[in-house]
Amino acid sequence: MIVRPSLFPLALAVLAGSFLPVQFAVNGALAGQLHSVTLTAAVSYGMGTLGLMSLLVLGRTRPAWASARQAPRWVWLGGVVGSAYVVGSVLLTRALGAALATTLVIAAQVVTAILLDHLGVLGLKRRRVNRARAAALALVLAALGVRLWGAA
């Protein structure tokens, strides 16, 4: 049985994905002005925090703060991982350009995502690697190979 996702989440994923190279370029420009990759990441997260706090204040639903105490400790590391991601993206974009940096990041994301799904870790439902996932992974890695070959 083939399960097809609805159009809205697919469109949202495309939109979110299009923000990745924009974020790389914007943060790279900011780092050039600030002369600090770490401060760039802090400013980026600070602005994001302000935007998210605005959404929380304007939102109709309230977070379940009390249940947050029951969450596994590792769930609080998302910001740390995200900060490392922002710092890495700034350094990569400076060194490689937005296109190659984005291609490398996307390939790494797909490899990691397939591995996380296959193992069913970090709260994810287990989704074993099948032929379709393996083919998608092979295509992503082939695209990366073409991009690296063209970068030489």
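Reading the values: the criteria
- Residues numbered from 1 in each chain as written.
- Predicted model: local features only at pLDDT ≥ 70, side-chain atom pairs only at ≥ 80, totals over all residues.
- Heavy atoms only, no water.
- Helix = DSSP H or I, 4+ residues; strand = E, 2+ residues; numbered from the N terminus.
- Buried < 20%, exposed > 50% of the residue type's maximum accessible area, 1.4 Å probe, protein only.
- Contact = heavy atoms within 4.5 Å.
- Axes fitted to C-alpha atoms, helices over the stretch in contact; angles between N-to-C directions.
- Parallel < 35°, antiparallel > 145°, perpendicular 65-115°, else oblique.
- Left-handed = near helix turned anticlockwise from the far one by under 90°.
- UniProt positions renumbered as here; feature names shortened; annotations may be inferred.
- Phe/Tyr/Trp six-rings, centres within 6.5 Å; stacked < 30°, edge-to-face > 60°.
- Patch = residues over 30% accessible without salt bridge, like charges linked within 9 Å, V, L, I, M, F, W, Y side chains within 5 Å.
- Areas by Shrake-Rupley, 256 points an atom, 1.4 Å probe, with all protein chains shown as cover.
- Salt bridge = Lys/Arg side-chain N within 4 Å of Asp/Glu carboxyl O.
- Polar contact = N/O pair within 3.5 Å; in protein donor to acceptor, adjacent residues only side chain to side chain.

**Topic: the overall build of the chain**
No. 1: Of the regular secondary structure elements, the chain holds six helices and zero strands.
No. 2: For the chain, the succession of helices and strands along the chain, N to C, is α-α-α-α-α-α.
No. 3: The buried share of the chain, taken over its 152 residues, is 14%.
No. 4: Within the chain, contacts between residues separated by at least 24 positions form 61% of all contacts whose residues are at least 6 apart in sequence.

**A look at unusual backbone geometry**
No. 1: Although it is not a glycine, His35 adopts a positive phi angle of roughly 60°.
No. 2: You can see His35 is positioned in the loop between helix H1 (7-34) and helix H2 (37-58).

**Overview of the packing of H2 against helix H4 (residues 78-96)**
No. 1: Across the interface, H2 lies against H4 with an axial gap of 9 Å and an inter-helix angle of 125°. By the angle between their directions, the pair H2 and H4 is classed as oblique. Along this stretch, H2 crosses H4, giving a crossing that reads as right-handed. Counting all contacts with H2, which are made through Val37, Thr40, Ala41, Ser44 and Tyr45, the residues of H4 involved are Gly79, Gly82, Ser83, Val86, Val87, Val90, Leu91 and Arg94.

**Thoughts on the side chain of Asn27**
No. 1: Tracing the backbone shows Asn27 in helix H1.
No. 2: For Asn27, a relative accessible area of 5% puts it in the buried group.
No. 3: For Asn27, the residues in contact, after removing those within four places along its chain, are Thr40, Ser44, Val86 and Val90.

**A few points about the UniProt feature "transmembrane region" (unreviewed entry) in the chain**
No. 1: Taking the UniProt record as the reference, the feature "transmembrane region" (unreviewed entry) is found at residues 41-59, 71-92, 98-122 and 134-151.
No. 2: With 68% helix and 0% strand, residues 71-92 has its two end C-alpha atoms placed 33 Å apart.
No. 3: Taken end to end, residues 98-122 has its terminal C-alpha atoms 29 Å apart, with 88% of it in helix and 0% in strand.

**Quick notes on the packing of aromatic side chains**
No. 1: Tallied over the full model, the rule gives one aromatic pair.
No. 2: Aromatic pair Phe24 and Tyr85: ring centres 6.2 Å apart, planes at 55°, arrangement tilted. Of the two residues, Phe24 is situated in helix H1 and Tyr85 in helix H4; the sequence distance between them amounts to 61 residues.
No. 3: For Phe24, a relative accessible area of 0% translates into the label buried.

**Some thoughts on a nonpolar patch on the surface**
No. 1: A contiguous nonpolar surface patch, about 970 Å² in accessible area, is contributed by Trp74, Val75, Trp76, Leu77, Val80, Val81, Leu115, Leu119, Val121 and Leu122.
No. 2: Those elements giving two or more residues to the nonpolar patch turn out to be H4 and helix H5 (98-119).
No. 3: Locating Val75 in the fold gives a position in the loop between helix H3 (65-68) and H4.
No. 4: Classification of Val75 by relative accessible area gives partly exposed; the value is 36%.

**As for the side chain of Ser89**
No. 1: Checked against the element boundaries, Ser89 lands in helix H4.
No. 2: With a relative accessible area of 1%, Ser89 lands in the buried category.
No. 3: Within the structure, the side chain of Ser89 is placed 2.8 Å from the backbone oxygen of Val86, a separation counted as a polar contact.

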